[in-house]
Amino acid sequence: MTRDPAIPLGYRVVARAHETHDTATLTLQPLKDSVERRFAPGQFMMLYAHGVGEVAVSVSGDPTPDSDTLVHTIRSVGAVSRALHDAPVGTVIGVRGPFGRGWRMHTHPDGDLLVVAGGVGLAPLRPVVLAALAARDRFRRLILVVGARTPANILFRSDLSAWATRDDLTVELTIDQPVSGWSGAVGFVTEALQRIDVDPARTTALLCGPEPMMRFCARALMSRGVPAGDIQLSLERNMQCGTGQCGHCQLGELLLCRDGPVVDYTVAEPLLRVPEL
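Residues numbered from 1 in each chain as written. Predicted model: local features only at pLDDT ≥ 70, side-chain atom pairs only at ≥ 80, totals over all residues. Heavy atoms only, no water.

> Mind laying out the pairing of strand β1 (residues 9-20), listing which residues take part and the relevant values?
In terms of strand pairing, β1 meets strand β6 (residues 92-99) through four bridges, oriented antiparallel. The partner of Tyr11 across the bridge, within β6, is Ile93. As paired strands, β1 and strand β2 (residues 23-30) are joined by eight bridges and run antiparallel to one another. Bridge pairing in β2 places Thr20 opposite Thr23. Here β1 folds back onto β2 in antiparallel fashion, the turn holding two residues. (Pairing = 2+ DSSP bridges. Helix = DSSP H or I, 4+ residues; strand = E, 2+ residues; numbered from the N terminus.)

> So what's going on with the pattern of salt bridges? Residues and values would help.
As enumerated under the stated definition, the model contains 14 salt bridges in all. The partner of Arg104 in a salt bridge is Asp264, and the shortest N-O contact between them spans 2.6 Å. Separated by 160 residues along the polypeptide, Arg104 in the loop between β6 and β7 (112-118) and Asp264 in strand β15 (residues 262-264) bring together distant segments of the chain. Residues Arg202 and Asp110 are paired through a salt bridge, measuring 3.4 Å at the closest nitrogen-oxygen approach. Residue Arg202 is located in the loop between α4 (189-194) and β11 (203-208), and its partner Asp110 is located in the loop between β6 and β7; the two are separated by 92 residues in the primary sequence. Arg202 sits in the partly exposed class, given a relative accessible area of 27%. Look at Asp110 and you get partly exposed, because its relative accessible area is 41%. Look at the salt bridges and you will find they share partners, linking Asp112, Arg140, Arg141 and Asp199 into a network. (Salt bridge = Lys/Arg side-chain N within 4 Å of Asp/Glu carboxyl O. Buried < 20%, exposed > 50% of the residue type's maximum accessible area, 1.4 Å probe, protein only.)

> Go over the environment of Leu193, please, and point to the residues and values.
Locating Leu193 in the fold gives a position in helix α4. Residue Leu193 is classed as buried on the basis of its relative accessible area, which comes to 1%. Spatially, the C-alpha atoms of Leu193 and Ala205 are 11 Å apart, while their sequence positions differ by 12 residues. Those residues in contact with Leu193, other than ones at most four positions away along the chain, are Leu114, Val116, Val145, Cys217, Leu221 and Arg224. (Contact = heavy atoms within 4.5 Å.)

> Outline unusual backbone geometry, supporting the account with residue identities and numerical values.
A cis geometry characterises the amide bond from Gly97 onward to Pro98, with omega recorded as 10°. Within the secondary structure layout, Pro98 lies in strand β6. Cis rather than trans, the peptide bond between Gly260 and Pro261 has omega equal to 5°. Here Pro261 is to be found in the loop between α6 (256-259) and β15. Located in the positive-phi region is Asp110, a residue other than glycine, with phi close to 55°.

> Any chance you could break down the packing of helix α2 (residues 122-134) against helix α3 (residues 157-164) for me, citing the residues and the numbers?
Taken N-terminus to C-terminus, the directions of α2 and α3 make an angle of 35°; their axes are 12 Å apart at the nearest point. Note that α2 runs across α3; the crossing there is left-handed. In this structure, α2 uses Leu122, Arg126, Val129, Leu130 and Leu133 to contact α3, whose residues at the interface are Asp159, Leu160 and Trp163. Considered class by class, the residues forming the contact of α2 with α3 number six nonpolar, no polar and two charged. (Axes fitted to C-alpha atoms, helices over the stretch in contact; angles between N-to-C directions. Left-handed = near helix turned anticlockwise from the far one by under 90°. Nonpolar A, V, L, I, M, F, W, Y, C, P; charged D, E, K, R; others polar.)

> Quick one: what's the story with the pairing of strand β5 (residues 70-75), residue by residue and with numbers?
With five of six residues buried, β5 lies mostly within the body of the structure. Inspection of the sheet shows β2 paired to β5 by six bridges, in the antiparallel sense. Bridge pairing in β5 links Leu28 to Leu70.

> Mind laying out the nonpolar core, listing which residues take part and the relevant values?
Note on soluble globular proteins: their nonpolar side chains tend to be buried together. Counting 37 residues, the largest nonpolar core has Val116, Val145, Leu207, Leu221, Ile231, Leu233 and Leu235 as the members making the most contacts within it. The dominant element in this core, judged by the number of residues it contributes, is helix α5 (residues 211-223), at five residues. Dropping the residues within four chain positions of it, Ile231 is found in contact with Ala205, Leu207, Ala218, Leu221, Met222, Val226, Val263, Asp264 and Tyr265. In this structure, Met105, Leu133, Trp163 and Val262 belong to the second largest nonpolar core, which totals 29 residues. (Core = buried A, V, L, I, M, F, W, Y, C linked by side-chain atoms within 4.5 Å.)

> Tell me about the sheet that holds strand β4 (residues 53-58), and name the residues and values.
Judged by pairing direction, the sheet is antiparallel, and its six strands sit side by side in the order β4-β3-β6-β1-β2-β5 without closing on themselves. The open sheet has two edge strands, β4 and β5, and neither has a second partner. Each strand axis lies, on average, 40° off the axis of its neighbour in the sheet, ignoring direction.

Purely geometric numbers; function is a separate question.
In structure tokens:
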């Protein structure tokens, strides 16, 4: 049975994992009278903390799970996200969705998939990596570049450790500034990109993180010949309805809850050049 994605359903927190000092990953199970929510990598849900409010959160779990659970990684930055981040196991949360346009992963047959994440931007991209590994024969190369301010800000450490041991996935992990005890790469994500061998005619690049990071990474890739149409960004604005009705997430001519959050750089670039937007 299908349900209107705008109708909230009850989900119970069945697991909570601490990621960083301000970020946690929640596993949600539908209540007995609820139905599962299938999603595409890059889509988001509207999560409702009872008595507090609702906020848009990207799905960070496996897009092809054997169960009907949802996984969301939430950073505590406001009243609603704080209530969701702090929700203990057993808490019931309202869920609407999925909403938005997700990542286009297969723009080049047998091409290279380059995934670039900054900070919590790895959360919306984790489903991409999981889906790509599940269909590994559809890609020639699979490359993941992850940047964080410090080691303490790195998400999904167990995943990254496991992915780094694989022969069919290249992982570049870097932090912004050197710190005691860190033996990995140091530098911004754009510097890590310079170490990647890019075939511009066969590369699909997916970028998520702070907007300045995405702009610089997109420009770096274009300078190496990757077309803007093969570069995708996930943009974030104040999404309040999820259906393109309230207008809070407007970015130029886009309503990001409906036309995004994932858009090609050909669309995003002229909008991100306008300071007022």
